[in-house]
Amino acid sequence: MPVAGRCSVTVGIVVLTLAAVEGLAADAVLVPIVAGVHGQKDASWETEVRITNRTDAPKRFNIVDWIGTPGWKATAYVVAPHSTTSLGGAQVFGAFVRSPGVAGLAICEADTGLVVRSAVLAGIWTGGGGAQDGCSSFDGGGVESPCFGLPGAGPIIEGLVFTSTGQDVEIPWLHSAFDRRTNLVLINPDDSGAVITVSIVSQDGSSTQSMSYEVAGRSYNQINDLFSQEPWSAIRTANAGIQTSFGGGAAASATITSDKRLLAMAYVISDHNNSLTISLPR
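Residues numbered from 1 in each chain as written. Predicted model: local features only at pLDDT ≥ 70, side-chain atom pairs only at ≥ 80, totals over all residues. Heavy atoms only, no water.

Undergrad: Got a sec to walk through the packing of aromatic side chains? Specific residues and values, please.
TA: The full count for this structure, using the stated rule, is one aromatic pair. Arranged with centres 5.3 Å apart and planes meeting at 65°, the rings of tryptophan 66 and phenylalanine 93 form a pair that is edge-to-face. One end of the pair, tryptophan 66, is in strand S6 (residues 59-68); the other, phenylalanine 93, is in helix H1 (residues 89-93), and 27 residues separate them in sequence. (Phe/Tyr/Trp six-rings, centres within 6.5 Å; stacked < 30°, edge-to-face > 60°. Helix = DSSP H or I, 4+ residues; strand = E, 2+ residues; numbered from the N terminus.)

Undergrad: How would you sum up the sheet that holds strand S14 (residues 180-188)? Please name residues and give values.
TA: Pairing is antiparallel in the open sheet, where four strands are placed in the order S17-S14-S19-S20. Looking at strand neighbours, the two that pair on one side only are strand S17 (219-223) and strand S20 (276-279), the edges of this open sheet. Recorded for the sheet is a direction-independent mean angle of 20° between the axes of neighbouring strands. Pairing analysis gives four bridges linking strand S19 (residues 263-270) to S20, with the strands arranged antiparallel. Residue pairing across strands places tyrosine 267 opposite isoleucine 278, the latter belonging to S20. (Pairing = 2+ DSSP bridges. Axes fitted to C-alpha atoms, helices over the stretch in contact; angles between N-to-C directions.)

Undergrad: Mind laying out the side chain of asparagine 239, listing which residues take part and the relevant values?
TA: Mapped onto the elements of the fold, asparagine 239 is located in helix H2 (residues 233-240). Owing to a relative accessible area of 1%, asparagine 239 belongs among the buried residues under this scheme. Separated by 3.1 Å, the side chain of asparagine 239 and the backbone oxygen of alanine 251 make a polar contact. Residues contacting asparagine 239, with those up to four places away along its chain left out, are Ser176, Ser202, Gln203, Ala250, Ala251 and Ala252. (Buried < 20%, exposed > 50% of the residue type's maximum accessible area, 1.4 Å probe, protein only. Polar contact = N/O pair within 3.5 Å; in protein donor to acceptor, adjacent residues only side chain to side chain. Contact = heavy atoms within 4.5 Å.)

Right, dumping it as structure tokens:
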């Protein structure tokens with residue numbers, strides 16, 4: 001996914017910030033959202049959210065908070081019995097999506113009995129307009145925002161939660177090959193700033209690199225093309241020398257700890273066709 005936080009450097013610590021907004025809901029459903037974003041290699045990024053109700057009663061799905069691009073508006077939906085409601089990322093954002101698009105984390109409340117899943121739709125950027133005048137929810141729209149490219153498809157996400165203060169979280173599938181780019185996402189949901197320590201080890205354990213990031217309160221932060229940057233390029237170098245059954249391109253894994261609550265995940269994207277996988281925390 002594109003959209004990195006603005007980055008500045010202090011002694012030994014990288015400072016990442018992106019706009020924040022107020023108030024967090026308890027017992028939340030967490031949904032990463034990207035809408036109308038133009039990424040590297042002419043990638044186009046959208047999100048669809050599907051809320052399924054298999055009960056005999058109407059159920060409510062409320063979008064109550066947002067961390068990320070400013071301009072979000074709260075919205076609420078009623079999902080009919082034995083039905084599925086599709087929402088594009090633009091609908092979840094709740095406002096018209098303008099270039100360069102929006103990225104963030106929607107904090108939602110879902111009645112018991114609802115199943116909430118989202119898909120990141122990896123498409124091709126066309127400069128705006130795409131293959132249709134309007135943008136359907138299943139292409140990431142659903143409001144008067146245009147489609148910004150040819151619609152794609154991608155992996156499905158569900159069941160995300162914030163880790164507790166000081167709890168280690170593992171991101172076990174990080175491609176370090178030169179023809180893939182790995183984007184690491186770090187989200188601090190608390191009001192005050194956090195120090196997040198990232199440690200990444202090569203596939204054979206021969207190389208370990210660590211760095212601390214200082215992030216603002218209630219901020220969405222993304223480090224784009226992680227293994228092209230120091231100190232993480234040393235992991236790419238170590239992995240490049242490993243002969244594997246699939247001919248090279250060995251993987252890395254990360255352990256991440258924050259002094260506040262945290263949501264961490266990674267997007268791995270092919271430079272050849274912008275196909276996408278997501279490495280979720282465990």
